[in-house]
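Notes for the structure review
For reference, the chains in residue letters:
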Amino acid sequence: MKRVVLIEGDGIGHEVIPAAAEVVRATGLEVEFVSAEAGWDCFQCTGTALPVETLALVRESDATLFG
């Protein structure tokens, strides 16, 4: 099973990342999706646009979809 990090980011990412995950699921591949935060909204809440936790998930995973 492959792990894919989903980062919606800001703007249209909130729409396209869930749609992209649906497309990947429809292929029948064994994929585990993990959500993470990044972007302006994240910066406003946490003071950083790319949290250490997000970067760690990206490094540990097989792929990342960022919107």
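The structure reproduced in this document is the subject of the present report. (Residues numbered from 1 in each chain as written. Predicted model: local features only at pLDDT ≥ 70, side-chain atom pairs only at ≥ 80, totals over all residues. Heavy atoms only, no water.)

What follows is about helix 1 (residues 13-26). Here helix 1 contains 14 residues, and its C-alpha end-to-end distance of 20 Å stays within 8% of the 20 Å for a straight helix at 1.5 Å per residue. The complete set of buried residues in helix 1 reads G13, I17 and A21. One side of helix 1 carries all its buried residues, which in axial view fall inside an arc of 65 degrees. Exposed side chains of helix 1 directed beyond 90 degrees from the buried face belong to E15, E22, V23 and A26. Where the residues of helix 1 are buried, they touch strand 1 (2-7), strand 2 (31-36) and strand 3 (63-66). Following helix 1 by one or two positions, G28 adopts a phi angle in the positive range, close to 85 degrees. (Helix = DSSP H or I, 4+ residues; strand = E, 2+ residues; numbered from the N terminus. Expected span 1.5 Å × (residues − 1). Buried < 20%, exposed > 50% of the residue type's maximum accessible area, 1.4 Å probe, protein only. Arc of directions from axis to C-beta. Contact = heavy atoms within 4.5 Å.)

Glancing now at the packing of aromatic side chains. Per the counting criterion, the structure on display carries 1 aromatic pair. Both rings, one in W40 and one in F43, keep their centres 5.4 Å apart while their planes meet at 25 degrees; by these two values the pair is stacked. Within this pair, W40 and its partner F43 are both found in helix 2 (residues 40-46), separated by 3 residues, close to a single helical turn. (Phe/Tyr/Trp six-rings, centres within 6.5 Å; stacked < 30°, edge-to-face > 60°.)

Time to look at the environment of R59. Structurally, the position occupied by R59 is in helix 3 (residues 52-60). Along the primary structure R59 and V4 are separated by 55 residues, whereas in three dimensions their C-alpha atoms are 11 Å apart.

Reading across the sheet, the 3 strands line up as 2-1-3 and stay open at both edges, with parallel pairing between neighbours. For this open sheet the edge positions go to strand 2 and strand 3, each flanked by a neighbour on one side alone. The mean angle between the axes of side-by-side strands here comes to 25 degrees, regardless of whether they run parallel or antiparallel. Sheet topology note: the strand 1/strand 3 ladder contains 4 bridges and is parallel. Within the sheet, the bridge partner assigned to I7 lies in strand 3 and is F66. (Pairing = 2+ DSSP bridges. Axes fitted to C-alpha atoms, helices over the stretch in contact; angles between N-to-C directions.)

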